[in-house]
Amino acid sequence: QQLAAIAALFPNSLVDSELGEVPEGWSIESIYDISDVIYGAAFKSKLFNENDDGLPLVRIRDLKHERPGVSTPEIHKKGYLIQNGDLLVGMDGEFRPYIWGGNGAWMNQRVCAFKPKKGLSAALIRGFISHQLRFFELTAVATTVIHLGKSDIDGFSYLEPNNELLSVCSDFLEPIFQRVIANKTECISLEEARNALLPKLLSGELTTATTEKAKHV
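Given the structure is predicted, the values throughout are model-derived calculations rather than measurements.

*Asks:* Can you tell me about the sheet that holds strand β9 (residues 97-99), naming the residues and giving the values?
*Replies:* Strand order in this open sheet of 4 strands is β4-β11-β8-β9, and the pairing throughout is antiparallel. Across the chains shown, the open sheet's two edge strands, defined by having one partner strand only, are β4 (35-39) and β9. Averaged over all adjacent pairs, the angle separating strand axes in this sheet is 30°, with direction ignored. As paired strands, strand β8 (residues 87-90) and β9 are joined by 3 bridges and run antiparallel to one another. Its bridge partner being in β9, L87 is matched across the sheet by I99. Its contacts with the sheet place helix α2 (residues 122-139) against β4, β8, β9 and β11 (111-116), and it is angled at close to 20° to β8.

*Asks:* I'd like a description of the sheet that holds strand β5 (residues 55-58), backed by residues and values.
*Replies:* Strand order across the open sheet formed by 4 strands is β6-β5-β10-β7, with mixed pairing between neighbours. Strand pairing shows two members of the sheet lacking a second neighbour, β6 (70-72) and β7 (81-82), which therefore form its edges. Bridging between β7 and strand β10 (residues 105-107) involves 2 bridges; their strand directions are antiparallel. Paired with I82 across the two strands is A105, which belongs to β10.

*Asks:* Describe α2, listing the residues and the values that go with them.
*Replies:* When the terminal C-alpha atoms of α2 are compared, their 26 Å separation across 18 residues agrees well with the 26 Å that a helix rising 1.5 Å per residue should span. The principal kink in α2, of about 30°, is found at I129. A122, A123, L124, I125, F128, I129, Q132, L133, F136 and E137 are the residues of α2 that are buried. The residue sitting at the N-terminus of α2 and contributing the capping side-chain oxygen is S121; that oxygen lies 3.1 Å from the backbone nitrogen of A123.

*Asks:* Lay out the packing of aromatic side chains with the relevant residues and their values.
*Replies:* This structure, assessed with the given rule, holds 4 aromatic pairs. Look at F95 and F136: their rings are 5.3 Å apart centre to centre, the planes differ by 70°, and that puts the pair in the edge-to-face class. Taken together, the positions of F95 in the loop between β8 and β9 and F136 in helix α2 put the pair 41 residues apart, joining distant regions of the chain. The buried category is assigned to F95, whose relative accessible area is 1%. Judged by its relative accessible area of 13%, F136 falls in the buried class.

*Asks:* How would you summarise helix α4 (residues 163-203) if you had to cite specific residues and measurements?
*Replies:* The end-to-end C-alpha distance of α4, which contains 41 residues, comes to 60 Å, matching closely the 60 Å that a straight helix rising 1.5 Å per residue would cover. Looking only at α4, the buried set comprises L165, L166, S170, F177, I181 and I188. Just past α4, the residue G204 takes up positive phi, approximately 90°.

*Asks:* Describe in detail the pairing of β5, supporting the description with residues and values.
*Replies:* Looking at chain direction, β5 and β6 are connected through 3 bridges and run antiparallel. Among the inter-strand pairings, L57 is bridged to a residue of β6, identified as V70. Taken together, the 2 bridges between β5 and β10 define a ladder with parallel strand orientation. Pairing of V58 across the sheet is with M107, part of β10.

Cut-offs used in this document
Residues numbered from 1 in each chain as written. Predicted model: local features only at pLDDT ≥ 70, side-chain atom pairs only at ≥ 80, totals over all residues. Heavy atoms only, no water. Pairing = 2+ DSSP bridges. Helix = DSSP H or I, 4+ residues; strand = E, 2+ residues; numbered from the N terminus. Axes fitted to C-alpha atoms, helices over the stretch in contact; angles between N-to-C directions. Contact = heavy atoms within 4.5 Å. Expected span 1.5 Å × (residues − 1). Bend = angle between axes of the 7 residues up to and from the residue. Buried < 20%, exposed > 50% of the residue type's maximum accessible area, 1.4 Å probe, protein only. Polar contact = N/O pair within 3.5 Å; in protein donor to acceptor, adjacent residues only side chain to side chain. Phe/Tyr/Trp six-rings, centres within 6.5 Å; stacked < 30°, edge-to-face > 60°.

In short, the description is geometric, and any link to function would need to be established separately.
Rendered as structure tokens:
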């Protein structure tokens, strides 16, 4: 019955559009209808450090591995503090929508975040922008590195179905999205625990017998 109710939300005919044939009643709308876009701030590079002075700072190079390489004590007036689950895109070189799971950090310039509106899941936004980012990467022309700008993002769109169907899809994707975030943060916690314990195990300060005993206390 649930599947039948969802199927009933889809039109039973197609019509021509600038994208080709689309379901009747659906329309092409701006991505800004369902997502805000926040741009990173220009933090002072002279304050970057590897001594954990301040908060971690996310640069494009950090998106793939979710491990910020530097920190900064600077509190930028236009700074955006990234949270787990944010949908981030690097704006130079290659363009992928990354689901952040590396805990709180400042967002550096040339990184942007897509923030869902209307209570929609970021997973839904990710689906809408992924192919557009890929198309931009494959078709953009540059003498050196390809740059994604606000004017390019201004042209991003999505195929708008009825609001009920949009909500149904969002509700279906959100638990999966939250599981992905939870897995990411758990992996980081386990990695941090390993990095803290391994030197002590190697030095003999801790033994496996000690850790087993601690587990049962």
